[in-house]
Every structure is written in C-alpha cells, then in structure tokens.
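# Working through the structure, step by step
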Amino acid sequence: MKKRPGSFEIALSAISCAIAVSFLWLGILGGFLKGLGYLMGILALMLPLSKRFYAGGFLAYAGTCILTLVLGAVAKFWDLVPFIMFFGLHPIVNSLQLKYNVNKYLAFIVKCIWFIGTLFVGYFLVFGGVLGGSLFPQELYDVINRYIYVIIPVGGALIFLIYDFLIFRMQQIVDGLVYRIRK
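In short, a report on the structure. (Residues numbered from 1 in each chain as written. Predicted model: local features only at pLDDT ≥ 70, side-chain atom pairs only at ≥ 80, totals over all residues. Heavy atoms only, no water.)

## Re the pattern of salt bridges
Pairs can form between side chains of opposite charge whenever their charged atoms are close. Put simply, the test is: Whenever a carboxyl oxygen of Asp or Glu lies within 4 Å of a side-chain nitrogen of Lys or Arg, that contact is scored as a salt bridge. Helix and strand definitions here come from DSSP, where helices need a minimum of 4 consecutive H or I residues and strands a minimum of 2 consecutive E residues; each element is numbered from the N-terminal end.
Scanning all chains against the criterion turns up three salt bridges. Notably, a salt bridge pairs Asp-79 with Lys-34, separated by 3.4 Å at the nearest N-O pair. Highlighted residues: Asp-79 in helix H4 (residues 77-87) and Lys-34 in helix H2 (residues 34-50), separated in sequence by 45 residues. With its nearest N and O atoms 3.6 Å apart, the salt bridge here joins Arg-52 to Asp-175.

The structure is reproduced here in structure tokens:
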C-alpha cells in the first residue's frame, strides 16, 4: 500500500502532540512536576521540527495546548499560560530562525524581549502583581516586589541567555535521534 504524501508528517506530529499533552497534563495537575512537564512538552514538540515539518510542529503545539486544557488543565489555566505564550512556541521560532538564516543577535534580542514579556504577564496574571508566601521572610518579598521592574528584565535576560542556548542544543540532540527515521 502506497503512503499518502504528508502522512509521515501527520504521524510524527500526532506522536509529538500525544507525548507533550501527557507530560504537560501530569505536570499541571501534579503541581511539583510542572517544570518536568514543560521540559518534556518542549522536547516532544521538537520531534516534527527535527524533520523540518514546520506546519506539523505548529499544529502539534496548538493541539497540545487545546488537548491539555480539555483534559483538565482548564481549572489551572494560569499554570499553562507561560507554555502557551512562550515555551511551546520557542522551538518553532528557533527552527524558523535557522531555516531563514535570521541574524542570531537580532533574533536573540527579539526572543529575549518576548521571554521578558512572558515573565511580566506571568507576574501580573499568575501572582496578581504581588509576590508573597511563607517560604521566605516577608521582607524579602517586599524587596522583590519593590524592584520587580528591574529584576524581571535583568534576571530574565540572564536566564534566557542560558535557556536559548540549551534549547538549541536540545534540538540538535533530538535531530540526531530522529535522523534515523525514514520518511
């Protein structure tokens, strides 16, 4: 039986979506596993990108967000906002940056601003513009809240510098693993 054109892209994207949904769902509902869920979701979404299936990668991202919400994360929607706004799209943007040979410094600046914007949205939507809690003394939270407009851009840029490098490296590793799969 002859395969239809695009069937491999659809299959790889569907597998990517299923893996990402599973880990994101567990991470969102498990609370303490949220970071692992995000990381595994990002890695799963790199699968179609490793074969340069950009449309499939975007559809896997969109399907991941929708299915994770439908499967119960809608009750914890704010926990999924950073993934929807940035983390799920970032590997796609990196792949397109390489495809179109975009200047890496310009791309870094734009992506860094996007990341910092996501941090600000998270600060206001998730924390209501005020950090607090019982883990640290209230005085520390007061200092953080007072200087948040400096902490987020400076800290976010430093974190993003490392994060962007690691995501590019992870994509290379995923590319190497998926390379052996034939179309």
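## Overview of the nonpolar core
Cut-off, in case you're wondering: Nine residue types can take part in a nonpolar core, namely buried Ala, Val, Leu, Ile, Met, Phe, Trp, Tyr and Cys, and a core is a set of them joined through side-chain atoms within 4.5 Å. Residue exposure (1.4 Å probe, protein chains only): buried if accessible area is under 20% of the type maximum, exposed if over 50%, otherwise partly exposed. Working rule for contacts: check all heavy atoms of both residues, and any pair within 4.5 Å makes them a contact.
Counting residues in each nonpolar core, the largest one holds 40 residues, and the members touching the most others are Ile-42, Phe-83, Phe-87 and Tyr-163. Mapped onto this core, the elements with two or more residues apiece are helix H1 (7-30), H2, helix H3 (54-70), H4, helix H6 (104-125) and helix H8 (148-178). Ignoring sequence-local partners within four residues, the contact set of Ile-42 consists of Phe-83, Phe-87, Pro-91, Tyr-163 and Ile-167.

## Quick notes on a nonpolar patch on the surface
Operational definition: Each patch groups residues whose relative accessible area exceeds 30% and which form no salt bridge, using 9 Å between like charges and 5 Å between nonpolar side chains of Val, Leu, Ile, Met, Phe, Trp and Tyr. Every accessible area reported is derived by Shrake-Rupley at a probe size of 1.4 Å, with residue values counting cover from the shown protein chains alone.
Among the surface-exposed residues, Val-143, Tyr-147, Val-150, Ile-151, Val-154 and Leu-158 lie close enough to one another that they form a single nonpolar patch of about 540 Å² accessible area. Looking at which element gives the most residues to the nonpolar patch, the answer is H8, with four residues. Among the secondary structure elements, Ile-151 is positioned in helix H8.

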